[in-house]
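A look at the structure
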Amino acid sequence: AEFHRDANLITTDNMEDGIRVEDSSINMFSVIPANTPTLTSFGNGGAGIIIGKKGVFDTNLVGTVTVQQNLGGGLLADEQSSVTLRNADVTNNTPYNVVLTFGSSGDFENNNIGGSIMCDDKKTILQRGDEMKCVKL
């Protein structure tokens, strides 16, 4: 799925995960800087966003992403999935805000991520950007 210009996706107060992407992608972009897409996942019973089975989550530079107060974690990438996160606010999720597992990769720049990025094995995940290296679960 592509979210561009002034698209707005909000998931809130679901009993399960807010957004789940498997074998697919979410790309946020805009050719007009004044019109930026927004994605908010707040207060869900599961994870805010789960990317799995080689899925892709790419916020580019223009999107606004807020993932907060989800009970199953904030942003979870599993099964060789890829996350590019820019200028996002991923905070106050339980038990972790960002988790990379089972060969997934993360490219992080200029985000507000509460606490450390977590991973299952530092040898099998790829991470770059201005965030500290992941901490083993």
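The structure reproduced in this document is the subject of the present report. (Residues numbered from 1 in each chain as written. Predicted model: local features only at pLDDT ≥ 70, side-chain atom pairs only at ≥ 80, totals over all residues. Heavy atoms only, no water.)

Considering all chains together, one arrives at 1 disulfide under this definition. Put simply, cysteine 119 and cysteine 134 are joined by a disulfide, and their sulfur atoms are 2.0 Å apart. Disulfide cysteine 119 to cysteine 134: torsion about the S-S bond roughly 60°, handedness right-handed. Separated by 15 residues along the polypeptide, cysteine 119 in strand β15 (residues 118-119) and cysteine 134 in the loop between β16 (126-129) and β17 (135-136) bring together distant segments of the chain. Across the pair, cysteine 134 and cysteine 119 agree in class, each one buried. (Disulfide = S-S within 2.5 Å. Helix = DSSP H or I, 4+ residues; strand = E, 2+ residues; numbered from the N terminus. Buried < 20%, exposed > 50% of the residue type's maximum accessible area, 1.4 Å probe, protein only.)

Time to look at the nonpolar core. Core analysis: the largest hydrophobic core is formed by 25 residues, its most contacted members being Ile49, Phe57, Leu75, Leu85 and Phe108. Where this core is concerned, the elements lending two or more residues are β3 (19-22), β4 (25-29), β6 (49-52), β8 (64-68), β9 (75-77), β10 (82-86) and β12 (98-100). In this view, phenylalanine 108 contacts Val83, Leu85, Arg86, Val98, Leu100, Ile113, Ile117, Gln127, Arg128, Gly129, Asp130 and Glu131; residues no more than four positions away in its chain are not counted. (Core = buried A, V, L, I, M, F, W, Y, C linked by side-chain atoms within 4.5 Å. Contact = heavy atoms within 4.5 Å.)

In short, geometric facts, not functional conclusions.
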